[in-house]
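Chain and residue survey
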Amino acid sequence: MKKATIRFSFLFAMAAIFACSTGNNEEKATSEDENSTEENSEKSSSISLTPVESPEFEDSMLEMLSPMENETNLEAGAVKFSYNVKNYELATQTIDADIKNCANSPKGQHIHLILNNQPYSAHYESEFTKDLEEGHYVALSFLSRSYHESVKSYGAANIRQFTVGKKPADEEIADLSDPHMFYSRPKGTYTGDDAKKVLLDFYLLNTELSEEGNKVRATINGQEFMIDKWQPFFIEGAEMGEMTIKLELLDARGELIPSPFNPVERTVTLEEGDAS
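Report follows, based on the coordinates. Being a predicted model, the structure only gives us computed values, none of them experimental.

Another aspect to go through is the overall build of the chain. Check the secondary structure of the chain and you find 2 helices and 16 strands. Buried residues in the chain amount to 44% of all 276 residues. A fraction of 70% describes how many contacts in the chain between residues 6 or more apart in sequence connect residues 24 or more apart. Total accessible area on the chain is roughly 15600 Å²; 49% of this is exposed by carbon and sulfur atoms.

Here it is in structure tokens:
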């Protein structure tokens, strides 16, 4: 009887030790999993968006003189673009350009011309020509600060559509009274310090953003940001290499707003070294 009691006590002690060891292993595994999750979370949330404040140009105006609205007699090749710019000086540096610490055009303030929501071209004079192939075009033009941030005040933009050569039979004319979003920045390659703060900017027409209403979802290298105020941001914390940006204009239910320009996705490059 005494031997049986001793044997039982021994087995109980061994079971307790095994249970303790298993518990410690489980606790260690749980702790490692949590640490791993935290590390992955930190890695995936390394990119941040910081709102940008800039000088206002509330009385600036941009009037498009040519091409005319719905013009159809344009020939393929060099198409003339002409504007009337008021209360805004092209080809000069924006007053806070030297403290913005982001990519800045040495040529100064300019006009962004976006055709069919393709990458914009920058123009530092109010008249210029642009080589265009045959087709139908939706042209958005807006005033831009020297660091490529759009001026969003009323009257600082113009949108119209026209046709060069023969209009394709399957081309639909966009309803310019509908809500639309156009992609502007970032664009191209950013080097050195310019790659640390990259401007995110887009242009809205016929819509507003709010917490309860329409929003823009920005997905940057797989990380999502929900934007409920129309303003520019600095993208910070992105790793060097390719950076993919996808913008989606959403309604209050989180669904895509129908538009030939929605959604839009672009890829830019961030490089180490001195900015040129």
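Right, let's get into the environment of Lys130. Mapped onto the fold, Lys130 is located in strand S6 (residues 127-132). For the pair formed by Lys130 and Phe81, sequence separation is 49 residues and the distance between their alpha carbons is 7.5 Å. Residues within four places of Lys130 in sequence aside, it is in contact with Gly77, Ala78, Val79, Phe81, Leu113, Leu115 and Ser121. In terms of polar contacts, Lys130 uses its side chain to reach the side chain of Ser121, at 3.3 Å.

Turning our eyes to something else, we now look at unusual backbone geometry. For the bond running from Ser66 to Pro67, omega is -5°, close enough to zero to count as cis. Locating Pro67 in the fold gives a position in the loop between strand S2 (61-66) and strand S3 (77-86). Cis rather than trans, the peptide bond between Arg185 and Pro186 has omega equal to 5°. Even without glycine at this site, Asn87 takes up a positive phi of about 55°. Here Asn87 is to be found in the loop between S3 and helix H2 (97-100).

Reading the values: rules and limits
The residue count restarts for each chain, going from 1 along the sequence in the order it is written. A pLDDT threshold of at least 70 governs which residues receive local features in this predicted model, and a stricter bar of 80 or more applies before side-chain atom pairs are shown or counted, although totals over entire chains, interfaces and linings include all residues. Processing note: side-chain calculations cover all non-hydrogen atoms of the structure and skip hydrogens and water entirely. Strands are runs of DSSP state E lasting at least 2 residues, helices are runs of H or I lasting at least 4, and numbering of each runs from the N terminus. Under the scheme applied here, a residue whose accessible area is under 20% of the maximum for its type counts as buried, over 50% as exposed, and between as partly exposed, the area being computed with a 1.4 Å probe on protein chains only. Throughout, a residue-residue contact means that at least one pair of heavy atoms, one from each residue, lies within 4.5 Å. In short, Shrake-Rupley with a 1.4 Å probe defines the accessible areas, and a residue's cover is counted only from the protein chains shown. Polar contacts here mean pairs of N or O atoms no more than 3.5 Å apart (in protein, one a potential hydrogen donor and the other a potential acceptor; neighbouring residues in sequence count only if both atoms are side-chain atoms).

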